[in-house]
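A look at the structure
So the chains spell out like this:
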Amino acid sequence: MRKLLRCSFIVVAAALVAWPAAAQETASDTLLTVDHYLDWEQVADPQISPDGSQIVYTRRWVNKIDDKWESALWIAGPDGSHHRFLVKGSDARWSPDGTRILYFADGEPKGTQIFVRWMDAEGASSQVTRLTETPTDAKWAPDGKAIAFVMLVPDSTPWSISLPKPSEGAKWTPAPRVVDDLHYRQDKIGFMQQGFTHLFLVPADGGTARALTSGRWHVGARFDGLAFGAGYDWTPDGRTIVFDGLRDSTWDRQYHVSRIYAVDVASGAIRPLFSRPGFWATPAVSPDGRTVAFTGADSSDQTRRTEDLWTVGLDGSGLRNLSRTLDRDPDNLHWAPDGKGVYFTAPDRGSINVRYADLSGAIRDVTQGPQVVSLTSLTRTLVGVGVRSDPEHAPDVVRIDLRRGQASPPTRVTAVNDDVLANKRLARVEEVWYTSSGGTRVQGWIVKPPAFDPAKRYPLILEIHGGPFAMYNVGFSYMYQNFAANGYVVLYTNPRGSTGYGDAFSNGIDHNYPGPDYDDLMAGVDAVVGRGFVDTTRMYVGGCSGGGVLSSWVIGHTNRFAAAAVRCPVIDWISMAGQTDVPFFTFSFFRQAFWDKPDEWLAHSSLMYVGRVTTPTLLMTGELDRRTPIPQTEEYYAALKMRNVPTVMLRFNGEYHGTGSKPSNFMRTQLYMMSWYGKYRRTGTEQATGAGAH
């Protein structure tokens with residue numbers, strides 16, 4: 001064993017040479033360097049008024065002093081004219097008659113409250129709630145006289161013990177936190193407050209909020225016990241609210257299970273609307289109040305199921321699957337004003353576009369092309385609004401004429417980053433398809449430096465997405481543009497497990513993760529190398545979350561990369577199961593629990609292959625990460641150190657999952673990675689090993 005270890009150390013020394021570290025990034029007026037990120041802006045959640053005359057949206061910008069994103073509501077005309085600040089707040093929703101908006105903002109008692117603003121010349125605003133817990137998901141009643149919302153109702157069982165009374169002035173240690181639920185923490189939150197989420201109703205003019213639901217169960221379809229709000233909708237007569245959730249005391253032991261219910265607003269009586277075993281969510285009521293559209297899939301032993309678009313009568317009859325032939329996940333449901341069909345978005349091969357399903361199940365495209373488009377609001381005249389982006393254009397609010405569809409491409413309403421991108425030479429993004437193991441066709445994209453010369457050789461960064469059930473898309477990427485501005489070619493790809501390619505493709509890693517997705521990544525690298533413009537001694541690999549899983553897996557199975565930036569990884573599935581806020585999700589990757597079949601868990605853990613790693617590895621994780629907690633990174637770091645593999649661990653302050661939610665940390669992430677990559681290259685004489693190597 002000692003002899004083998006000594007040999008492995010020799011491989012490290014021979015395989016890699018330290019390269020003079022690249023100079024710090026130089027600020028540029030013509031390239032997208034990190035300093036421009038301080039002037040970057042974001043737009044989200046546009047809402048068009050019922051008459052189509054105004055659009056309210058959330059605008060975010062960098063607070064350079066406090067190192068955070070600030071946000072406020074802005075308003076504009078539908079043609080993009082008269083942009084102006086409206087009010088500090090978020091999540092605006094127009095009243096049914098268009099005379100007011102509701103929104104969330106800081107109020108009294110201290111914390112988030114619901115406000116209503118009149119949209120006349122006076123613009124008077126009133127705080128309509130005075131809650132001690134945080135309200136979410138506010139929606140107007142159809143008559144505009146009340147507002148529904150979702151809120152936590154605290155509920156905990158104290159554990160009383162006969163502790164002696166402390167002496168006056170004593171400073172005893174606080175009592176321990178009592179934890180008796182499986183799900184007790186959540187990324188971006190920390191320890192969750194004990195209690196249950198329920199529906200409430202408050203008069204739009206202000207007053208006392210009353211609970212519409214109650215009990216030891218949750219309103220809102222939860223993924224592995226995590227709170228992400230609730231999907232619900234009013235019937236047009238205002239008598240009923242249809243909502244998703246799980247009205248079951250076993251909620252803490254359920255992984256991917258939810259139902260659709262209806263609650264009578266006057267009496268609070270609840271009845272199940274659709275309760276077939278499965279995950280059913282985001283109900284939307286038709287304009288005539290007779291039918292409910294929703295998304296979901298039946299329960300399965302597969303790790304993941306592609307969802308469908310369904311409809312059912314308000315009485316629970318007449319279930320129909322409208323998207324059986326689509327094999328893509330529907331989202332952003334909006335009934336057509338005539339009630340004859342549903343508009344929605346769906347990911348497909350790196351793009352997200354708007355589609356329409358009529359009640360017979362026929363589906364047509366409304367928008368098309370290599371772009372990412374959302375649909376967040378629409379009028380009775382079929383004018384919609386959303387956010388659009390493509391590889392060369394940062395996200396902006398757009399207006400979509402749903403009547404004309406493909407004949408009328410989305411029209412830009414905002415241009416919040418045109419000032420930043422003015423005169424910038426951006427990278428070109430090229431789509432590529434290639435063949436992997438088993439004849440699988442895989443899609444990816446190559447980002448080329450702005451002054452790309454095919455006769456030259458460039459360093460390559462393979463960046464891997466998380467999830468793993470997610471999809472890299474063709475939206476604008478500051479990260480990749482910044483890499484390219486510094487002379488790197490970037491490859492990003494959607495290996496098996498990715499969504500947007502159908503159920504069979506996403507289940508290509510079913511109970512086998514990591515698995516053939518590794519083949520797909522290496523085949524992508526081979527395809528780009530085969531084009532002749534990659535310096536194979538300067539190839540690098542990185543990724544966060546699921547990308548951290550796979551980047552650590554990659555360096556345990558090949559030494560073809562000169563350096564790696566493994567970010568927020570899972571490297572030991574057994575310890576991950578007890579550390580993460582998604583325990584059932586972790587268990588779902590395996591057919592048997594680790595105490596019954598530990599060999600399978602270990603076989604898919606990167607930590608078990610650390611003995612093969614020779615690649616210099618930068619580890620980066622947030623100190624507050626609850627999804628892939630930092631002990632995962634620490635385990636891998638210690639193992640690499642024990643083996644004398646060059647490695648550094650960066651523990652990001654103030655970050656939960658990921659390393660770039662704070663503006664300064666996003667810039668640090670970019671610069672640390674490029675600095676690390678710039679230190680290393682493989683020797684030209686060293687033979688690469690592992691799958692995909694030449």
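Reading the values: rules and limits
- Residues numbered from 1 in each chain as written.
- Predicted model: local features only at pLDDT ≥ 70, side-chain atom pairs only at ≥ 80, totals over all residues.
- Heavy atoms only, no water.
- Helix = DSSP H or I, 4+ residues; strand = E, 2+ residues; numbered from the N terminus.
- Buried < 20%, exposed > 50% of the residue type's maximum accessible area, 1.4 Å probe, protein only.
- Contact = heavy atoms within 4.5 Å.
- Pairing = 2+ DSSP bridges.
- Axes fitted to C-alpha atoms, helices over the stretch in contact; angles between N-to-C directions.
- Disulfide = S-S within 2.5 Å.
- Salt bridge = Lys/Arg side-chain N within 4 Å of Asp/Glu carboxyl O.
- Patch = residues over 30% accessible without salt bridge, like charges linked within 9 Å, V, L, I, M, F, W, Y side chains within 5 Å.
- Areas by Shrake-Rupley, 256 points an atom, 1.4 Å probe, with all protein chains shown as cover.
- Phe/Tyr/Trp six-rings, centres within 6.5 Å; stacked < 30°, edge-to-face > 60°.
- Lys NZ or Arg CZ within 6 Å of the ring centre and 35° of its normal.
- Parallel < 35°, antiparallel > 145°, perpendicular 65-115°, else oblique.
- Left-handed = near helix turned anticlockwise from the far one by under 90°.
- Nonpolar A, V, L, I, M, F, W, Y, C, P; charged D, E, K, R; others polar.

Observations concerning the environment of tryptophan 217
Positionally, tryptophan 217 belongs in the loop between β15 (210-211) and β16 (218-219). Overall, the relative accessible area of 6% leaves tryptophan 217 in the buried class. Along the primary structure tryptophan 217 and serine 249 are separated by 32 residues, whereas in three dimensions their C-alpha atoms are 5.9 Å apart. Leave out the neighbours within four places in its chain, and tryptophan 217 touches Phe196, Thr197, His198, Phe243, Leu246, Arg247, Asp248 and Ile270.

Brief notes about the sheet that holds strand β34 (residues 428-435)
As summarised here, the arrangement of the eight strands in space is β34-β35-β37-β36-β38-β39-β40-β41, forming an open sheet in which the pairing is mixed. Every other strand in the sheet has two partners, leaving β34 and β41 (647-652) as the edge strands with one partner each. On average, adjacent strands in this sheet sit at an angle of 20 degrees to one another, irrespective of strand direction. Where strand β35 (residues 441-448) meets strand β37 (residues 489-494), five bridges bridge the pair, whose relative direction is antiparallel. Following the sheet pairing, valine 447 is matched in β37 by valine 490. Across the sheet, helix α5 (residues 516-529) touches β34, β35, β36 (458-464), β37 and β38 (534-544), and the angle it forms with β36 is around 155 degrees.

What to know about the state of the cysteines
All chains considered together, the criterion is met by one disulfide. In this model, cysteine 544 is linked to cysteine 568 through a disulfide, with the two sulfur atoms separated by 1.8 Å. Since a negative S-S torsion denotes a left-handed disulfide, the cysteine 544-cysteine 568 link at about -125 degrees is left-handed. You can see cysteine 544 sitting in strand β38 and its partner cysteine 568 sitting in the loop between β39 (563-567) and α7 (573-579), a full 24 residues away along the chain. Among the residues examined, cysteine 568 registers a relative accessible area of 0% and is labelled buried.

Some words on the pairing of strand β22 (residues 291-298)
Within β22, seven of the eight residues are buried, which leaves the element mostly enclosed by the surrounding structure. Turn length for the strand β21 (residues 278-285)-β22 hairpin, with the two strands adjacent in sequence and antiparallel, is five residues, and the turn residue glycine 289 shows positive phi of about 75 degrees. Both β22 and strand β23 (residues 308-313) contribute to a ladder of six bridges, which runs antiparallel. Paired with threonine 295 across the two strands is leucine 309, which belongs to β23.

A short note on helix α6 (residues 546-555)
Here α6 lies mainly inside the structure; ten of its ten residues are buried. Turning to α6, its buried residues are Gly546, Gly547, Gly548, Val549, Leu550, Ser551, Ser552, Trp553, Val554 and Ile555.

Some words on the sheet that holds β15
Spatial strand order, β10-β11-β14-β15: four strands in an open sheet with antiparallel pairing. In this open sheet, the two edge strands, each paired with only one partner strand, are β10 (136-140) and β15. Across nine bridges, strand β11 (residues 146-154) lies against strand β14 (residues 195-203) in antiparallel orientation. Bridging across to β14, proline 154 finds its partner in glycine 195.

Comments concerning the pattern of salt bridges
The final tally for this structure, using the stated rule, is 26 salt bridges. Close ionic contact of aspartate 155 with arginine 216 constitutes a salt bridge, the shortest N to O distance being 2.5 Å. You can see aspartate 155 sitting in the loop between β11 and β12 (185-186) and its partner arginine 216 sitting in the loop between β15 and β16, a full 61 residues away along the chain. Classification of aspartate 155 by relative accessible area gives partly exposed; the value is 27%. Sharing partners across several salt bridges, the network here consists of Arg328, Asp348, Arg349, Arg355 and Asp365.

Quick notes on a nonpolar patch on the surface
A grouping of Trp159, Ile161, Leu163, Trp172 and Val178 is seen on the molecular surface, where their side chains present a nonpolar patch of about 630 Å² in accessible area. Mapped onto the elements of the fold, tryptophan 172 is located in the loop between β11 and β12. Take tryptophan 172: its relative accessible area is 47%, and that puts it in the partly exposed class.

A look at the packing of aromatic side chains
Counting across every chain of the model gives 47 aromatic pairs. An angle of 35 degrees between the planes, with centres 5.1 Å apart, marks the rings of tyrosine 513 and phenylalanine 589 as tilted. With tyrosine 513 in the loop between α4 (503-506) and α5 and phenylalanine 589 in the loop between α8 (583-587) and α9 (598-603), this residue pair connects regions lying 76 residues apart in the sequence. What makes phenylalanine 589 buried here is its relative accessible area of 3%. Here tryptophan 553 and tyrosine 609 contribute two aromatic rings whose centre-to-centre distance is 4.9 Å and whose plane-to-plane angle is 70 degrees, an arrangement assigned as edge-to-face. Residue tryptophan 553 is located in helix α6, and its partner tyrosine 609 is located in the loop between α9 and β40 (617-622); the two are separated by 56 residues in the primary sequence. We note that tryptophan 553, like tyrosine 609, is buried. The ring of tyrosine 232 carries lysine 139 above its face, with NZ or CZ at 4.7 Å from the centroid. The residue whose ring lies beneath arginine 177 is phenylalanine 191, and the NZ or CZ to ring-centre distance is 4.1 Å.

With respect to the environment of glycine 475
Tracing the chain through its elements places glycine 475 in the loop between β36 and α3 (478-485). You can call glycine 475 buried: its relative accessible area is 13%. Separated by 104 residues in the primary sequence, glycine 475 and glutamine 371 have C-alpha atoms spaced 6.3 Å apart. Apart from residues lying up to four places away in sequence, glycine 475 is in contact with Val372, Ser389, Asp390 and Pro391.

A closer look at α3
In terms of burial, α3 is largely enclosed, as eight of its eight residues are buried. Within α3, burial applies to Tyr478, Met479, Tyr480, Gln481, Asn482, Phe483, Ala484 and Ala485. After α3 finishes, the residue glycine 487 shows a positive phi value of roughly 90 degrees.

As for the packing of α3 against helix α11 (residues 663-677)
A pair of packed helices is captured by two measures, namely the crossing angle of their axes and the spacing between those axes. It is at 11 Å that the axes of α3 and α11 come closest, and there the two elements cross at 40 degrees. Relative to α11, the element α3 lies oblique. Pair α3 / α11 crosses with right-handed handedness. Here Tyr478, Met479, Asn482 and Phe483 of α3 come into contact with α11, specifically with Phe666, Gln670, Met673 and Met674. Each residue belonging to the contact of α3 with α11 can be placed in one class, and the counts come to six nonpolar, two polar and no charged.

Description of the pairing of strand β19 (residues 259-264)
Burial analysis of β19 places five of its six residues in the buried class, the great majority of the element. Of the strand pairs in this sheet, strand β18 (residues 240-246) and β19 are connected by six bridges, and their pairing is antiparallel. By the bridge assignment for β19, aspartate 244 is matched with isoleucine 260. Hairpin geometry of β19 and strand β20 (residues 270-274) is characterised by an intervening segment of five residues between the two adjacent antiparallel strands and by a positive phi of about 80 degrees at glycine 268.

Details of the packing of α5 against α6
Two elements in contact, α5 and α6, have axes whose closest approach is 11 Å; the angle formed by their N-to-C orientations is 75 degrees. If you check the angle between α5 and α6, you find them roughly perpendicular. Residues Asp517, Tyr518, Leu521 and Met522 of α5 form the contact with α6, whose participating residues are Leu550, Trp553 and Val554.

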